[in-house]
Amino acid sequence: MNTQQLKCFVHVAEKLNFTKAAEELYISAPAVTHQIKNLEAELNTTLFIRTSRMVKLTETGALFYSEAKDILDKMIVAEKKVKKLASQKLAVLRIGCSSQTELYTMENSLMRLKEEFPEVCPQMIIQDYFLLKSLFDNRQVDIVVATKEMLEDTHDYIFKKIKNIINYAVVSQNSPFALKEELSFKELYDVPLITLHPRLIPFQHGNKLQELIILHGQKHFHTLCEHDHSAVLLAKCGYGVAILPEIYIPANTQGITALPFTDKQASIEYGIAYHKNVKEKYIKQFVKNFTEDKAI
């Protein structure tokens, strides 16, 4: 499958006319037909119903149209971004983190970066810890906000610790637990728990609290969430108690209460990391800004 095939398909799908599609593409109608036939052969399906009187998308063709259109639109946007970067000599700063909540903690640092380096365009990348580590290892991300444990097998990087983090119980303000100042895990024996997918949990090994959560899940129902915001939302709506690292608890806690556990749990170093020997001043400056902001 290539770009020319997708362009021919999309134009024919929109015009439902091979001749008009060829005119728009400045190629011959037989060339358009050839590209469509090759695409159908590659996909092993029929995309158009063609008669002497009409051209009509098949059900498969209609489904494929939205996907093909989306691919071409993204290519156009990417091309414009690259040309803009080249013409304006802009630099891209790729910042990785694992949650939407962490994005909000970067606001002041990004505003300062805009003032200090207006030619730098930040690109925010939200992925799970495993994919983030891979992107960082392959230098496809310049900076990661993460735990030190996550990066333990990574080489040639500098880690700036911000704080030690632990897990909290997030409950609805209508929950009887909301009146407490702290919580024992034993009190949650018959309570539905809301947890994050293991890919999003920044630490597990050697953490007794995580072991208790696993044992709880063997006898009781757990809601497993793919996103920190969905875990908080479900807890807020009373579907259970969410067990979350404090970095995933939003600053706006309206409708929820975050309670520390009385149970002993392992803490872990949380901070920001970047590659050694970087020449770009804006990378070090963002790290400095972010570290200073979190220290306030």
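See above for the structure.
Residues numbered from 1 in each chain as written. Predicted model: local features only at pLDDT ≥ 70, side-chain atom pairs only at ≥ 80, totals over all residues. Heavy atoms only, no water.

Trainee: Tell me about the overall build of the protein chain, and please be specific about residues and values.
Mentor: Secondary structure assignment for the protein chain yields 10 helices and 12 strands. Against the 2.2 N^0.38 benchmark of 19 Å for 296 residues, the protein chain shows a C-alpha radius of gyration of 26 Å, more extended than a compact globule. Along the first, second and third principal axes, the C-alpha atoms of the protein chain reach 75 × 50 × 35 Å. Taking all 296 residues of the protein chain together, 42% fall into the buried category. For the protein chain, contacts bridging at least 24 residues in sequence account for 74% of all contacts bridging at least 6. In the protein chain, which carries 36 positive and 35 negative side-chain charges, the distance between the mean positions of the two groups comes to 5 Å. (Helix = DSSP H or I, 4+ residues; strand = E, 2+ residues; numbered from the N terminus. Rg over C-alpha atoms; globule rule 2.2 N^0.38 Å. Buried < 20%, exposed > 50% of the residue type's maximum accessible area, 1.4 Å probe, protein only. Contact = heavy atoms within 4.5 Å. Lys, Arg positive; Asp, Glu negative; His and termini not counted. Charge placed at Lys NZ, Arg CZ, Asp CG, Glu CD.)

Trainee: Report on the sheet that holds strand β3 (residues 91-97), specifying residues and quantitative values.
Mentor: The strand order across the open sheet formed by 5 strands is β4-β3-β5-β12-β6, and the pairing between neighbours is mixed. Unpaired on one side and paired on the other, β4 (120-126) and β6 (157-165) mark the two borders of the sheet. Neighbour-to-neighbour, the strand axes of this sheet turn through a mean angle of 20°, independent of strand direction. Relative to strand β12 (residues 268-275), β6 runs antiparallel, the two sharing 8 bridges. Bridge assignment links Lys 161 to a residue of β12, and that residue is Gly 271. Where helix α6 (residues 107-116) meets the sheet, it contacts β3 and β4, and its direction lies at approximately 155° from that of β4. (Pairing = 2+ DSSP bridges. Axes fitted to C-alpha atoms, helices over the stretch in contact; angles between N-to-C directions.)

Trainee: I'd like a description of the sheet that holds strand β8 (residues 193-196), backed by residues and values.
Mentor: One open sheet holds the 5 strands; their spatial order is β9-β8-β10-β7-β11, and the pairing between them is mixed. Pairing within the sheet leaves two strands with one partner each, and these edge strands are β9 (222-225) and β11 (256-260). Each adjacent strand pair in this sheet contributes to an overall mean axis angle of 30°, direction not counted. By the bridge criterion, 4 bridges tie β8 to β9 in an arrangement that is parallel. Across the sheet, the residue bridging to Leu 193 is His 222, located in β9. Contacting β7 (167-172), β8, β9 and β10 (241-245), helix α8 (residues 208-219) crosses the sheet at an angle of about 120° to β9.

Trainee: Let's hear about α8: which residues, and what values?
Mentor: Taking 1.5 Å as the rise per residue, α8 with 12 residues should run 16 Å; its terminal C-alpha atoms sit 18 Å apart, in good agreement. For α8, the elements touching its buried residues are β7, β8, β9 and β10. (Expected span 1.5 Å × (residues − 1).)

Trainee: Talk me through the environment of Leu 209; I want residue IDs and the actual numbers.
Mentor: Here Leu 209 shows up in helix α8. Measuring from C-alpha to C-alpha, the distance between Leu 209 and Ala 41 comes to 55 Å, with 168 residues separating the pair along the chain.

Trainee: Please give an account of the side chain of Glu 102 that cites residues and values.
Mentor: Along the polypeptide, Glu 102 turns up in helix α5 (residues 100-104). Lacking a salt bridge, the buried Glu 102 has Lys 163 as its closest oppositely charged neighbour, with an N-O distance of 9.5 Å. Reaching out from Glu 102, the side chain makes a polar contact with the backbone nitrogen of Ser 99 at a distance of 3.2 Å. Beyond its immediate sequence surroundings of up to four residues, Glu 102 is in contact with Cys 97, Val 145, Ile 247, Tyr 248 and Tyr 270. (Salt bridge = Lys/Arg side-chain N within 4 Å of Asp/Glu carboxyl O. Polar contact = N/O pair within 3.5 Å; in protein donor to acceptor, adjacent residues only side chain to side chain.)

Trainee: Go over the packing of aromatic side chains, please, and point to the residues and values.
Mentor: Using the criterion set out here, one finds 7 aromatic pairs in the structure. Relative to Phe 64, the ring of Phe 9 has its centre 5.1 Å away and its plane inclined at 55°; by these criteria the two rings are tilted. Of the two residues, Phe 9 sits in helix α1 (residues 3-15) while Phe 64 sits in helix α4 (residues 59-88), which places them 55 residues apart along the sequence. For the pair Phe 9 and Phe 64, one class covers both residues: buried. A connected cluster of aromatic rings, assembled from ring pairs, spans Phe 9, Phe 18, Phe 48 and Phe 64. (Phe/Tyr/Trp six-rings, centres within 6.5 Å; stacked < 30°, edge-to-face > 60°.)

Trainee: Outline the side chain of Gln 5, supporting the account with residue identities and numerical values.
Mentor: You can see Gln 5 is positioned in helix α1. If sequence neighbours within four positions are ignored, Gln 5 has contacts with Gln 35, Asn 38, Leu 39 and Glu 42.

Trainee: I'd like a description of the packing of α1 against helix α2 (residues 18-25), backed by residues and values.
Mentor: Orientation of α1 relative to α2, taken along the N-to-C sense of each, is 130°, at an axis distance of 8 Å. Relative to α2, the element α1 lies oblique. In this structure, α1 meets α2 at a crossing whose hand is right-handed. Residue-level inspection shows Lys 7, Cys 8, His 11, Val 12 and Lys 15 of α1 in contact with α2, the latter providing Phe 18, Lys 20, Ala 21, Glu 24 and Leu 25. (Parallel < 35°, antiparallel > 145°, perpendicular 65-115°, else oblique. Left-handed = near helix turned anticlockwise from the far one by under 90°.)

Trainee: Outline the pattern of salt bridges, listing residues and values.
Mentor: Taken as a whole and judged by the stated rule, the model has 12 salt bridges. A salt bridge links Asp 137 to Lys 133, with the nearest nitrogen and oxygen atoms 3.0 Å apart. Of the two residues, Asp 137 and Lys 133 both sit in helix α7 (residues 129-137), 4 residues apart, roughly one turn of that helix. On the basis of relative accessibility, which here comes to 36%, the residue Asp 137 falls in the partly exposed class. You can call Lys 133 buried: its relative accessible area is 18%. Because the salt bridges share partners, they merge into one network encompassing Arg 112, Lys 288, Glu 292 and Asp 293.

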